[in-house]
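The lines below spell out each chain.
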Amino acid sequence: MRKISKIGEEKKNSRKTSVKGKQILVGGLVVLVAVAGYYRWTAENKPTNVAVESTEEETVPVMSTAESEKESYFTAARKDRDSSRSEAEDRLQEIADDDETTADAKAEARDKLAVFADNIKAEGEIESLVKAKGYDDCIAFIDEEEIRIVVKADKLDEDKVSQITNIVTAKTEFKPSQIVISSHE
């Protein structure tokens, strides 16, 4: 009798480990995509931070950069952002569709997919609204802790930063201190 019980317990423990492993894998993938995107973005731009006061009395960092690549920065950044996000979404969808995945892991994967969809929508709306303010191009990067906005401009003054900050705070729940605005020509 005791041998049969031990085998049953080992199977239960094996399943718990498998579930935790998948949850760790999902979390790791999301973090990896965010870090890779941020690394690529910072490596190409070599930003210089300048603090600018916003109208809400919080500091919004502003970065200036110089364009040096042949392909448009905005085109390349969109391609990288979309590619990284697509890979993460595919992996999360696989986890959500896997019959061996537990209900909790499936729910977590679906929640993260919903967050991705919300972020894509918000990024698009922000980019459109910023372009409507007269900028030739704009790209937004949303992650869990901050949002980075890069606009095609020589430089940004306090009024321009304030306009962009107001757009972001109207479309998201980010505070001005969580918004990084950069210019890129």
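We now turn to the structure provided with this report. This one's a predicted model, so the numbers in the text were calculated from it and none came from an experiment. Residues take numbers from 1 onward in each chain, read along the sequence in its written order. Per-residue local features are limited, in this predicted model, to residues with pLDDT of at least 70; the limit for side-chain atom pairs, both in listing and counting, is 80 or more; totals at the level of whole chains, interfaces and linings are taken over all residues. Derived side-chain values reflect all non-hydrogen atoms in the structure, with water molecules and hydrogen atoms excluded from consideration.

### Some words on the packing of helix H3 (residues 103-132) against helix H4 (residues 158-171)
Here is step 1: Put simply, H3 and H4 touch, their axes get as near as 10 Å, and they point 150° apart. Classified by the interaxial angle, the pair formed by H3 and H4 is roughly antiparallel. As for the relative orientation of H3 and H4, their crossing is right-handed in sense. Side by side, H3 and H4 meet where Ala122, Glu125, Ile126, Leu129 and Val130 of the first sit next to Ile164, Ile167, Val168 and Lys171 of the second.
Here is step 2: Each residue gets one label: Ala, Val, Leu, Ile, Met, Phe, Trp, Tyr, Cys and Pro are nonpolar, Asp, Glu, Lys and Arg are charged, and the others, such as Gly, are polar. Of the residues assigned to the contact of H3 with H4, the class counts are seven nonpolar, no polar and two charged. To obtain each axis, a line is fitted to C-alpha atoms, and for helices this fit is confined to the stretch in contact; angles are then taken between N-to-C directions over 0 to 180 degrees. Helix and strand labels come from DSSP, where a helix needs a run of H or I of at least four residues and a strand needs a run of E of at least two; each type is numbered from the N terminus. Note that the term roughly parallel is reserved for angles under 35 degrees, roughly antiparallel for angles over 145, roughly perpendicular for angles of 65 to 115, and oblique for everything else. Each crossing gets its hand from how the near helix is turned against the far one by less than a right angle, where anticlockwise is left-handed and clockwise is right-handed. Contact between two residues is taken to exist if any of their heavy atoms lie within 4.5 Å; hydrogens are not considered.

### Regarding the packing of aromatic side chains
Here is step 1: Ring pairs are drawn from Phe, Tyr and Trp, using the six-membered ring of Trp, whenever the two centres fall within 6.5 Å, and their geometry is named by plane angle: stacked under 30 degrees, edge-to-face over 60, tilted for the rest. Counting across every chain of the model gives one aromatic pair.
Here is step 2: Ring geometry for Tyr73 versus Phe74: centroids 5.2 Å apart, planes at 80°, classification edge-to-face.
Here is step 3: Remark: exposure states derive from per-residue accessible area (1.4 Å probe, protein chains only) relative to the maximum for the residue type, with buried under 20%, exposed over 50%, and partly exposed in between. Note on Tyr73: relative accessible area 1%, which makes it buried.
Here is step 4: Since its relative accessible area comes to 3%, Phe74 is described here as buried.
Here is step 5: Here, a charge over a ring is recorded when the distance from Lys NZ or Arg CZ to the ring centre is within 6 Å and its angle to the ring normal is within 35 degrees. When the ring centre of Phe116 is taken as reference, the NZ or CZ atom of Arg85 above it lies at 6.0 Å.

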